[in-house]
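Chains, contacts and geometry: an overview
Listed below are the residues making up each chain.
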Amino acid sequence: MWTDPECPVARAADVVGDRWSLLIIRDAMDGARSFTDFQQRTGIARNILADRLRKLAAHGLITQVEAPSGRRKVYALTPAGKDLFPVIVTLRQWGERHAYASGERHSVLVDDRGEVVPPIVPADAGGRPLTSDTTSVRK
């Protein structure tokens, strides 16, 4: 049962709105593949990790695939999971601006040239930046 069946934000939050699910997705984007990888990177309890991996798989965000060695299965993001990349980047950028004291150290997301990723800003079809003041929800 969805918390708010007509709201895409509520449905998305139902699927990935808890801390652990987002951190699992983040780590999968950063190369985590095995159960142990996720557990070591996040510090999550094994039972909670198993539950979140099942939930993410049930919603089609991750899947198990054959490891290159052929000895076991590993986790991989599906196209739907990869579609969360802008969400993770935007959440990261919000955290950089609002979750740290001025000058406090934190990791930084860089592109394949080593350049800091610029802020993600929603824009209309003409490139004009959008804000909560310039948009509305149509029901």
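Residues numbered from 1 in each chain as written. Predicted model: local features only at pLDDT ≥ 70, side-chain atom pairs only at ≥ 80, totals over all residues. Heavy atoms only, no water.

1. Concerning the UniProt feature "domain: HTH hxlR-type" (unreviewed entry) in the chain
If you check UniProt for "domain: HTH hxlR-type" (unreviewed entry), the listed places come out as residues 7-103 in our numbering. Segment residues 7-103 splits into 61% helix and 10% strand. End C-alpha atoms: 38 Å apart. (UniProt positions renumbered as here; feature names shortened; annotations may be inferred. Helix = DSSP H or I, 4+ residues; strand = E, 2+ residues; numbered from the N terminus.)

2. Quick word on the packing of aromatic side chains
Under the definition given, this model contains 1 aromatic pair. Seen in terms of ring centroids, Phe-38 and Tyr-75 are 6.1 Å apart; in terms of plane orientation they differ by 70°. Their pairing is edge-to-face. Residue Phe-38 is located in helix H3 (residues 35-42), and its partner Tyr-75 is located in strand S2 (residues 73-77); the two are separated by 37 residues in the primary sequence. On the accessibility criterion, Phe-38 (1% relative accessible area) is buried. In this structure, Arg-19 is placed above the aromatic ring of Trp-20, and the distance from its NZ or CZ to the ring centre is 4.7 Å. (Phe/Tyr/Trp six-rings, centres within 6.5 Å; stacked < 30°, edge-to-face > 60°. Buried < 20%, exposed > 50% of the residue type's maximum accessible area, 1.4 Å probe, protein only. Lys NZ or Arg CZ within 6 Å of the ring centre and 35° of its normal.)

3. As for the side chain of Arg-52
Looking at where Arg-52 falls in the secondary structure, it is placed in helix H4 (residues 46-58). Sequence-distant contacts of Arg-52, that is, excluding residues within four places in its chain, are made with Asp-18, Trp-20, Ser-21 and Ile-24. (Contact = heavy atoms within 4.5 Å.)

4. A short note on the nonpolar core
Counting 20 residues, the largest nonpolar core has Val-16, Ile-25, Phe-38, Leu-53, Leu-56, Leu-61 and Ile-62 as the members making the most contacts within it. Mapped by element, the contributors of at least two residues to this core are helix H1 (8-16), helix H2 (19-29), H4 and S2. Ignoring any residue separated from it by four or fewer positions in sequence, one finds Leu-53 in contact with Ile-24, Phe-35, Phe-38, Ile-62 and Tyr-75. (Core = buried A, V, L, I, M, F, W, Y, C linked by side-chain atoms within 4.5 Å.)

5. Considerations on the packing of H2 against helix H6 (residues 85-98)
Viewed as axis vectors pointing N to C, H2 and H6 meet at an angle of 105°, and their least axial separation amounts to 10 Å. As far as their axial angle goes, H6 and H2 are roughly perpendicular. Residues Leu-22, Ile-25, Arg-26 and Met-29 of H2 pack against Phe-85, Ile-88 and Leu-91 of H6. Grouping the constituent residues of the contact of H2 with H6 by class yields 6 nonpolar, no polar and 1 charged. (Axes fitted to C-alpha atoms, helices over the stretch in contact; angles between N-to-C directions. Parallel < 35°, antiparallel > 145°, perpendicular 65-115°, else oblique. Nonpolar A, V, L, I, M, F, W, Y, C, P; charged D, E, K, R; others polar.)

6. Observations regarding the side chain of Gln-93
Mapped onto the elements of the fold, Gln-93 is located in helix H6. The exposure class assigned to Gln-93 is buried, which follows from its relative accessible area of 6%. When neighbours within four sequence positions are excluded, Gln-93 is seen to be in contact with Val-117, Pro-118, Pro-119 and Ile-120.

7. Comments concerning H4
Along its 13 residues, H4 runs 18 Å from first to last C-alpha, staying within 8% of the 18 Å computed at 1.5 Å per residue. All of the buried residues in H4 are Leu-49, Arg-52, Leu-53 and Leu-56. Taken around the axis of H4, the buried residues stretch over an arc of 100°, which confines them to a single face. Turned more than 90 degrees off the buried face of H4, the exposed positions are Asn-47, Arg-54 and Ala-58. Against the buried residues of H4 lie H1, H2, H3, strand S1 (62-66) and S2. (Expected span 1.5 Å × (residues − 1). Arc of directions from axis to C-beta.)

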